[in-house]
Amino acid sequence: MEFSSGRGRLKQARLAGDRRDLYPHSLQFYLEPPTENISLVEFESFAIDRLKLLKVVENLGVSYVRSSDSYKTKLEFELRKLKFPYKALAEDDYEARRKDHISHFILRLAYCQSEDLRRWFLQQEMDLLRYRFNEVTDNLRQKFLEHVNLSFEAVSEDLKNELANELYTSTPGLSMTKVKEQMFYKVGLADAVDLFRARRVFIKDGFAYVPFKEIDVIVLNNYRTKLSKALALTARSLPSIQSDERLQPLLNHLSHSYIGPDYSVQKNTGKISLEQIDTLSVKSFPLCMRQLHKALRDNHHLRHGGRMQYGLFLKGIGLTLEQALEFWKKEFIRGKVDADKFDKGYAYSIRHSYGKEGRRTDYTPYSCMKIIMSNPPSQGDYHGCPFRHSDPELLKQKLQSYKIPPSGIAQILELVKGMHYQLACQKYFELTHDVDNLGFSLNHPNQYFTESQRLLSGGRELKKELSNSGNCQQKSNSQESMNSNSTPTSSNTTADAELEGLEAYFTED
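Residues numbered from 1 in each chain as written. Predicted model: local features only at pLDDT ≥ 70, side-chain atom pairs only at ≥ 80, totals over all residues. Heavy atoms only, no water.

**Student:** Which residues make up the packing of helix α4 (residues 94-110) against helix α5 (residues 115-135), and what are the values?
**Tutor:** At a minimum axis distance of 10 Å, the contact between α4 and α5 shows a crossing angle of 160°. When the axis of α4 is compared with that of α5, the two are roughly antiparallel. Across the interface between the two elements, D100, H104, L107, R108 and A110 of α4 pack against L117, F121, E125 and R132 of α5. The class makeup of the residues in the contact of α4 with α5 is four nonpolar, one polar and four charged. (Axes fitted to C-alpha atoms, helices over the stretch in contact; angles between N-to-C directions. Helix = DSSP H or I, 4+ residues; strand = E, 2+ residues; numbered from the N terminus. Parallel < 35°, antiparallel > 145°, perpendicular 65-115°, else oblique. Contact = heavy atoms within 4.5 Å. Nonpolar A, V, L, I, M, F, W, Y, C, P; charged D, E, K, R; others polar.)

**Student:** Can you explain the side chain of H300? Please cite residues and give values.
**Tutor:** Looking at where H300 falls in the secondary structure, it is placed in the loop between α15 (287-299) and α16 (304-317). For H300, a relative accessible area of 17% puts it in the buried group. With near-sequence residues (within four places) excluded, H300 lies in contact with A295, E331, F332, R334 and G335. (Buried < 20%, exposed > 50% of the residue type's maximum accessible area, 1.4 Å probe, protein only.)

**Student:** Account for the pairing of strand β4 (residues 184-188), naming residues and giving values.
**Tutor:** Sheet topology places strand β3 (residues 153-154) next to β4; two bridges connect them, and they run antiparallel. When the sheet's bridge partners are listed, A154 is paired in β4 with Y185. In terms of strand pairing, β4 meets strand β6 (residues 207-211) through five bridges, oriented antiparallel. Along β6, the bridge assignment pairs Y185 with V210. (Pairing = 2+ DSSP bridges.)

**Student:** A description of the pairing of β6 should follow, citing residues and the corresponding values.
**Tutor:** Within β6, four of the five residues are buried, leaving the element largely enclosed by the surrounding structure. Hairpin geometry of strand β5 (residues 202-204) and β6 is characterised by an intervening segment of two residues between the two adjacent antiparallel strands and by a positive phi of about 55° at D205.

**Student:** A description of the side chain of R141 should follow, citing residues and the corresponding values.
**Tutor:** Examined against the element boundaries, R141 turns out to sit in helix α6 (residues 138-147). A polar side-chain atom of R141 sits 3.1 Å from the main-chain carbonyl oxygen of N134. If we skip the residues at most four places from it in the chain, R141 touches F133, N134, V136 and F212. (Polar contact = N/O pair within 3.5 Å; in protein donor to acceptor, adjacent residues only side chain to side chain.)

**Student:** Give me the lowdown on helix α22 (residues 406-417), citing residues and values where you can.
**Tutor:** The terminal C-alpha atoms of α22, which comprises 12 residues, lie 16 Å apart, in line with the 16 Å expected from a rise of 1.5 Å per residue. Of the surrounding secondary structure, the elements contacted by the buried residues of α22 are α20 (386-389), α21 (392-401) and α23 (421-433). Looking one or two places after α22, you find M419, whose phi comes out positive at around 65°. (Expected span 1.5 Å × (residues − 1).)

**Student:** Help me get a handle on the nonpolar core, residues and values and all.
**Tutor:** Core analysis: the biggest nonpolar cluster contains 65 residues, and L75 and I215 have the highest contact counts within it. When residues in this core are grouped by element, the largest group, 10 residues, is from helix α2 (residues 40-61). Residues within four places of I215 in sequence aside, it is in contact with F133, L145, F152, Y185 and V210. Counting 56 residues, the second-largest nonpolar core is a separate cluster that includes F285, M308, L312 and A347. (Core = buried A, V, L, I, M, F, W, Y, C linked by side-chain atoms within 4.5 Å.)

**Student:** Go over the environment of M176 with me, naming the residues and quoting the values.
**Tutor:** For M176, the position within the fold is in helix α9 (residues 176-181). Sequence spacing of M176 and N165 is 11 residues, and the spatial spacing of their C-alpha atoms is 7.8 Å.

**Student:** Give a detailed account of the environment of H420, specifying residues and quantitative values.
**Tutor:** Along the chain, H420 falls in the loop between α22 and α23. Ignoring sequence-local partners within four residues, the contact set of H420 consists of V65, R66 and L415. Reaching out from H420, the side chain makes a polar contact with the backbone oxygen of G418 at a distance of 3.3 Å.

**Student:** Quick rundown of the pattern of salt bridges? Include the residues and the values.
**Tutor:** This structure, assessed with the given rule, holds 25 salt bridges. Of the charged contacts, one joins R50 and D100 as a salt bridge, the two residues approaching to 2.8 Å between their closest N and O atoms. Here the residue R50 occupies a position in helix α2, and D100 occupies one in helix α4, the gap between them amounting to 50 residues. Looking at R50, the relative accessible area reads 0%, which means it is buried. D100 sits in the buried class, given a relative accessible area of 1%. Here E214 makes a salt bridge to R200, at a shortest N to O gap of 2.6 Å. Here R200 lies in the loop between α10 (193-197) and β5 and E214 lies in the loop between β6 and α11 (215-236), a separation of 14 residues in the sequence. Judged by its relative accessible area of 6%, E214 is buried. A relative accessible area of 23% places R200 in the partly exposed class. Bridged by salt links that share partners, the residues E36, E42, E95 and R98 form one connected network. (Salt bridge = Lys/Arg side-chain N within 4 Å of Asp/Glu carboxyl O.)

**Student:** Let's hear about the environment of K99: which residues, and what values?
**Tutor:** Along the chain, K99 falls in helix α4. The class of K99 is buried, set by a relative accessible area of 8%. As for K99 and P85, which are separated by 14 residues in sequence, their C-alpha atoms are 8.9 Å apart. Each residue touching K99, except ones within four places of it in the same chain, is listed here: F46, D49, L82, K83 and F84. At a separation of 2.6 Å, a polar atom in the side chain of K99 contacts the main-chain carbonyl oxygen of L82.

**Student:** Please set out the confidence of the model for the protein chain residue by residue, giving values where relevant.
**Tutor:** When the pLDDT values of the protein chain are averaged, the result is 81; 82% of them are 70 or greater. Low pLDDT, under 50, characterises residues 3-17; the predicted model gives this stretch 26 contacts beyond four residues in sequence or across chains. Below pLDDT 50 for its whole length, residues 460-509 participates in 56 contacts with residues either more than four positions away or in separate chains. (pLDDT = per-residue confidence, 0-100.)

Laid out in structure tokens, this is it:
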């Protein structure tokens, strides 16, 4: 990709035959980088629009079930508004496809710079592709699969009829009639491992018989692999990009605007006493941290993964280094660790996490995405996300012990079954705080704590208080009903606010 200081850009590609040849589909894997010249003004506007779009994708993903009508309606509205491809558009959507292509590669440059940035970018791009892929027609899906060399062998009608009973019993959600109507593909187990683990496909002779409605899982796995490798390769080329004084400041500002606060700087530092932690763990800790705190109190020890996840969370809610050392030492010496061993071993890692040892890196608390997607717990570990990593029956027992009502437990388990882990945590928040419709999307354990403290201190009204004013509630419900039936309003209001500073930076002289 080349950049020019003016508004003009190279039109050679458009003049050389039909410009639709450049982007034959509204979907793509972004395998080839753009080669045309673009102005810095266009570079900046494309980057900001795609970042807005990805932040909307993130917020909707933790506020709605991805297959729901509300999710689809709101995301289509944003795609239209920002002029990105959203379905198999008409032939004149070249500009939308071009913007989609170029903006992806711009953000790839900005978001290859660290593991957390790569993880965030990869997740949002996958969610965006999932939505787009499921919105196009069956015919266009098939053409896209062929375009990206994922044209699997279709199961013949004779073989499908022969295996009809096996396909029916092994493929949830399909009736015998649907089995006979649905097209199936023979896919190697390596490509269908997620479907195999979830017991959603029939397996025979080393092949998974995947219905066309599940082929998006195969597409997303393939896309994840390709984009992960591409981000790693892009990271290697960063030194040459960083030498460009025009681009590096812009890319840094983009990458620093991706997910809200990282809770590395706390206004509450030193304001929380060690005596408060037990009470706070019950009232305001998310389930992952409540689980770690209980394990620490019960066993007087946590393994490294648990110490990192919980220790950085405590740092984020305001524990000073001195408090952290005292907290961990008091608990560990109640177990099998004497004071001398703690001072020589464990104390170093605590000082290290506060940026006082080693490379002096001031570590930030883990986000929900990092906890869900990395370092799964093994036997004897207590870190991770309980909604993602716990056995459903054990999770049910834990929720029962915390006095969650049976109807609430059923709702949480249904969300977990659908792999909506952050929505399950959000439901847990609502049930433990007796509120409806949080009005925000949970994506960080420290955000959970902050919102809980705000609510408990009177920052939000409790559901019980609201129910006392029936007329107001009916009016509110009426208004919500009117809003739900009207044209969807922009769901990236938060994203717009967060990016105001970024846009101001770009428009500075």
